[in-house]
Amino acid sequence: MQRAISSRRALLPKSSRGLSSVAADWAFPVPVTFGAGRAAELPAKLRERGSNRPLLVADKGLSGKPVVGGLFDSLAAAGLQPRLFGEVDANPTDLNIVAGAAAYREHAADGLVAVGGGSGLDAGKSIAMVAGSGRSLDELEWTRPPVEEMSCPPLVLIPTTAGTGAEMDSAAMYTDTSRRVKFCVAHPGCTAQIHVIADPLLTLSLPPTLTAWTGMDAVTHAIEALSVDSYHPMCDGIALESLRLMHTWLPAAVADGSDVAARSHMLAASAMAAVAFQKGLGAVHGLSEPVGAVHNSQHGLTNAILLPHVLRANRAAIEPKMDLAATYLGLPPPPPGYATTDGGFERVAAWLDTLAEQLQIPATLAEIGISDETAEECAAKAVANPTGFTNPLPFDAEMYSGVFRAAVEGRDRGRLQ
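In this text, all values refer to a predicted model and were calculated from it rather than measured experimentally. Counting of residues starts from 1 at the beginning of each chain's written sequence and follows it residue by residue. Local features in this predicted model are restricted to residues of pLDDT 70 or higher, and side-chain atom pairs are both shown and tallied only at a pLDDT of 80 or more, whereas totals for entire chains, interfaces and linings draw on every residue. The basis for every side-chain value is the complete set of non-hydrogen atoms in the structure, without hydrogens or water.

Draft legend 1. Examining the pairing of strand E7 (residues 172-176) more closely. With five of five residues buried, E7 is to be regarded as a mostly interior element. The cut-offs for exposure are 20% and 50% of the maximum accessible area for each residue type, with area from a 1.4 Å probe on protein chains only; residues under the lower value are buried, those over the upper are exposed, and the others partly exposed. Numbering of helices and strands runs from the N terminus, with a helix taken as a DSSP run of H or I at least four residues long and a strand as a DSSP run of E at least two residues long. Neither face of E7 is open: one carries Ala172, Tyr174 and Asp176, the other Met173 and Thr175, and all of them are buried. Relative to strand E8 (residues 181-185), E7 runs antiparallel, the two sharing five bridges. Counted as the bridge partner of Thr175 is Lys182 from E8. Here, any two strands with at least 2 DSSP bridges between them count as paired.

Draft legend 2. Representation of the environment of Val115 within the structure. Mapped onto the elements of the fold, Val115 is located in strand E5 (residues 111-116). Counting along the chain gives 268 residues from Val115 to Val383, while the straight-line C-alpha distance between them is 32 Å. Contacts are assigned to residue pairs with any non-hydrogen atoms lying within 4.5 Å of each other. If we skip the residues at most four places from it in the chain, Val115 touches Leu56, Val57, Ala58, Leu62, Val68, Leu71, Gly120, Leu121, Ile158 and Thr160.

Draft legend 3. Structural context of the sheet that holds strand E3 (residues 54-59). Read from one edge of the open sheet, seven strands run E1-E2-E9-E6-E5-E3-E4, paired in mixed fashion. The outermost strands of the open sheet, each flanked by one partner alone, are strand E1 (24-26) and strand E4 (83-88). Adjacent strand axes in the sheet meet at a mean angle of 20° when their direction is disregarded. Taken together, the five bridges between E5 and strand E6 (residues 155-159) define a ladder with parallel strand orientation. If you follow Gly116 over to E6, its bridge partner there is Pro159. Contacts from helix H4 (residues 66-77) reach E3, E4, E5 and E6 within the one sheet, and its direction differs from that of E3 by about 175°. For helices, the fitted axis covers only the stretch in contact; all axes are lines through C-alpha atoms, and the angles between them, taken along N-to-C directions, range from 0 to 180 degrees. The sheet contacts of helix H10 (residues 260-276) involve E1, strand E2 (32-34), E6 and strand E9 (194-198), and relative to E2 the element is tilted by about 165°.

In structure tokens, the structure reads:
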């Protein structure tokens, strides 16, 4: 593993080397081992925590790739006895988690390594909670009081995308296949078992489309967290700095996936945006989660398409926060076609539109195969979705349906029509 990482680094442009200043160990909010090449420390991190028989969890798209094979081989070479569970769907399901928990028990595992974007990380956390505690997913649902006497095995989370930030806490999304609804499980006892290894070299193979989509997921996290109407200056500050990093480095990472500096800063920004949304999220996620459950759409892409519509709908409540963001990012006045050059809202809206165009994000839900036929179903599920409860304005089914239809048709997006 170490030789592979060293060889890969040697092939990178000189401008991307010399990143020792971007390597660090963090203790907040969970222990994080951050920096290029640090995935080589995985066997030692597991041994430190008493794990010798880890279950390695990844989604179906990643499980056969070199990044997972390299991690598996490094564990075996170090004398550990890993088992791979690579049967996770792109949007993890309850069935995936039940099967993963069974694999954990069959292997007599004593720890778990989750690798990937939100799919692998969320599935891994869910599997660890279910297998370790013997509890059902329903019992672990995050809006319920935490179950007592929770047992969770040691967890090492290794992100391979810069987007979900799912590595930063125990919260894990899954789709209930019978109800076509996304739910979230979480437990503080699981959070206490997390150790993150954030190695930007593991994100280099992510194609430009997924780099853009997952990056826009992180942008949405930061925007929505900042917009939540509650007093939390720590989260607001983290959200602003996350946006600043992404303003600079997301286009660079999409343009040149081998740029380790861009990948490093995006990995940090993604984690920061996830920390910021401990404050809450909003109507983008309130609606995108039902859309994903019903249509199996890619989460970050769905967020990116919905974001400008929700931003407009929230305008009256978020203008002061958008003024703050525009000033912190140093955004220029918007080009002709926007409502006004006064205040920061239009500057943020113009920046998000320009960024989406630059990253070639589809402008409508229709472009990704979603029609307005499910507008009412998704709106009804969004109203019941706790993720949207911290939106700065209360959204009812009519508002969610209006946003859905506008996103299908592409109206009310950024520039005035």
